[in-house]
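As a plain string of letters, each chain reads:
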Amino acid sequence: MAFRRFVSHKAAVASCGVILALSLFVILAPLTARYGVNQSVQAPPNSFLSPRGNAWLGTDDIGRDLYSRLIFGIRVSLLIGLASALISVTLGSLIGAVAGFRGGKFDDVMMRVTDLFLAFPFLVTLLVVRNVLGAVPWLKPLTGEMNSVRFIIVLFGIFGWMGVARIVRGQVLSLKEREFVEAARAVGASRRYIISRHLLPNSVGPIMVALTFSVVGAIIGESTLAFFGYGPQAGDGATSLGILVGAAKGAVQTGFWWLAVFPCFALIVIALSINFIGDALRDATDPRLDRGA
Amino acid sequence: MFRYILRRLAWAIPTLLIVTFLVYLALRIGTDPVASYKRVNPRATRAKVQQYIDVNGLDPNFVKGYLTWLRNFVTGDWAPSIKGRREVWPALKDAMANTLRLGTAATVVGIFFGLIAGVFAALRPGGKRDVFINTSAFVGISIPPFISAILLQLLFAVYWQRWFGESLFPTSGVYPPGHSGFDLPLMIRYMVLPTIVVAIQIIATYSRYMRSSLLDVLNSDYMRTARSKGISERRVLVKHGMRNALIPVVTIAALDVGSIVGGLIITENIFSYPGMGLYFLKSFGEGDFPLLMPWMVVIVASVLLFNLIADISYAWLDPRIRLE
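Everything quoted here is computed from the prediction, not taken from an experiment.

The next thing to look at is the overall build of chain A. The helix and strand tally for chain A stands at 14 helices and 0 strands. Taken from N to C terminus, the helices and strands of chain A fall in the order α-α-α-α-α-α-α-α-α-α-α-α-α-α. The dimensions of chain A, computed from C-alpha atoms along their principal axes, are 75 × 50 × 30 Å. Across the 293 residues that make up chain A, the buried fraction comes to 53%. For chain A, the proportion of contacts with a sequence separation of at least 24, taken over those separated by at least 6, is 68%. Seen as two clouds, the 26 positive and the 16 negative side-chain charges of chain A have centres 3 Å apart.

Below, the structure is given as structure tokens:
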């Protein structure tokens, strides 16, 4: 039933196709990319070449092929999005389920904290949390260097759980009054059993929705950070969508349009597709939402 | 009602204290103010450093330090910035004025067009217009502000200049460099692009809110009653429909101030617009504690204030809600 509703959402099905194709494309990066990440397309002069035969999407300031870099960049960005979304959704589901189920003080404090966090400008909180996270010495083994990809993943993992927790809590609050939970309690099921066997499985719909939106959030968050110079550093073999978009900032005034247009366009396509999927998932898994159509 | 407001106000003060303490902690741990002072002023004497520590409340004991900072902050004894020893208040005041101007312009434009779009979409749900508005709003939400800023700059400033000899809108600052005095038309030209960038997000968000809120109302019983009384369709829609549909939207608008400020910070930075966002990113980059703390207090206070406004306006607009 839910599946049929999802399939009837045409934009979402198309988006699934786009994301699948894109994922396949970037996973096969050694085959699909024409040059290495830091390889120049030809001997100098090679910087700021407009799109042409040996560089389909043009080259950047030191003559690297934008098309190949875009593939490697999307690869890193998708990885960041998926990995940190998995962390934040796991954390958020657990915290949200426990808060919703137990209620009381724990619930109050948790929801106050999340409300407060979500009320503040996203970038400010993110930057401050990032610095605090980087300054705590005993977290070093977990987070790695502050400008590494791993740090960004951990940062968004820790940062993103709040929205998820709120959604799951709401779901659990409505579920826990239902008969089957009462029945489980009546036969003496433990709290942990009820949460893991009844409440969380019945919240799969909202959790899936939260997962898709967390992926987008992390991808956009990473590019925002990178845009302002706080993102992962371009290492030997890596770049990311954020780094590419950040480089576009300098390219605008000089009119090297390809450096701005292609990375921005890639980011828009990815964000839009995943958002469409999330939206359709929400419609499909929540029968109460009748969209009037 | 009055008592409710008083009680909420009384609660706001401890909340403000707790949150500023958390911000203080985060900045102390995250930016290490003393180290950044020494980095910017490498030849400062030990006495100077000690003075900096005393005025800013940077005692190794966090609680003691916070109390010192609080006392100095409340009594108006603000430390100067670490770079160039500038007074903080004039800089903060200018930044607030500029941001307020840009934020108000963008919010007014955004909410106006957003509400209109939402109403049009809700009038014929599922129709062509509805699908178009809904899809555009969805695209608008998915595009982060710095992307739209870059693309707009590229189109209206750089390429416009190439094609037509003169750029349509300037891309940085409030006035051209060297300009002095007040010049409204010029200022508006400088504000067009940043306003559009922030407004896109607001339009996209509010058209969706308004659409769903109005759809809820249109399907309710009192609309049918109003129609059955023989009131004209237009009057039913405006007096009964819109008024009720606006209640949740107003509340969301007040709660949304954080995300609008977030959009402003990003936009200001790209357009070098000297507001709160540029102020923050600059002082954060330098670890300038004396500049950062008052900024944080302003932001925390306004978020709390707008939360309060949201609650009160909700109760005031909707008589069905009882406060006591």
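Attention now goes to the pattern of salt bridges. Opposite charge on two side chains makes pairing possible when the charged atoms of those side chains draw close. Residues and elements named next belong to chain B. Considering all chains together, one arrives at 6 salt bridges over all chains under this definition. R211 serves as the salt-bridge partner of D130, at 2.8 Å between the closest nitrogen and oxygen. Of this pair, D130 sits in helix α6 (residues 128-142) while R211 sits in helix α8 (residues 184-218); the two residues are 81 residues apart in sequence, bridging distant segments of the chain. What makes D130 buried here is its relative accessible area of 3%. What makes R211 buried here is its relative accessible area of 9%. The residue R224 makes a salt bridge to D221 at a minimum N-O spacing of 3.9 Å. Within this pair, R224 and its partner D221 are both found in helix α9 (residues 221-228), separated by 3 residues, close to a single helical turn. D221 gets classed as exposed once you look at its relative accessible area, which sits at 52%.

Where interface size is given, it is often the accessible area lost as the parts come together that is meant. Chain B puts 42 residues into the contact, and the matching count from chain A is 39 residues. For the chain B and chain A pair, buried surface summed over both sides reaches about 3,500 Å², with 79% attributable to carbon and sulfur atoms. Counting the contacts that link chain B with chain A gives 0 salt bridges. At the boundary of chain B with chain A, the tally comes to 2 residue pairs in polar contact (both at pLDDT 80 or more). Secondary-structure elements contributing two or more residues to the side of chain B that touches chain A are α1 (2-31), α6, α7 (145-164), α8, α11 (257-270), α12 (276-286) and α13 (289-317) of chain B. Ranked by the residues each element gives to the side of chain B that touches chain A, the list is headed by α7 of chain B, at 9 residues. Here the side of chain B that touches chain A is composed, by residue class, of 27 nonpolar, 12 polar and 3 charged.

The subject of this paragraph is the nonpolar core. Counting 120 residues, the largest nonpolar core has F280 and W295 of chain B as its most contacted members. Ignoring anything within four residues of it in the chain, the contact list for F280 of chain B reads V124 and L127 of chain A together with L292, W295 and M296 of chain B. Counting residues in each nonpolar core, the second largest holds 25 residues, with A106, L214, L218 and A245 of chain B among its members.

Rules used throughout
Residues numbered from 1 in each chain as written. Chains lettered and ligands numbered in written order. Predicted model: local features only at pLDDT ≥ 70, side-chain atom pairs only at ≥ 80, totals over all residues. Heavy atoms only, no water. Helix = DSSP H or I, 4+ residues; strand = E, 2+ residues; numbered from the N terminus. Buried < 20%, exposed > 50% of the residue type's maximum accessible area, 1.4 Å probe, protein only. Contact = heavy atoms within 4.5 Å. Lys, Arg positive; Asp, Glu negative; His and termini not counted. Charge placed at Lys NZ, Arg CZ, Asp CG, Glu CD. Salt bridge = Lys/Arg side-chain N within 4 Å of Asp/Glu carboxyl O. Buried area = accessible area lost by both parts, 1.4 Å probe. Polar contact = N/O pair within 3.5 Å; in protein donor to acceptor, adjacent residues only side chain to side chain. Nonpolar A, V, L, I, M, F, W, Y, C, P; charged D, E, K, R; others polar. Core = buried A, V, L, I, M, F, W, Y, C linked by side-chain atoms within 4.5 Å.

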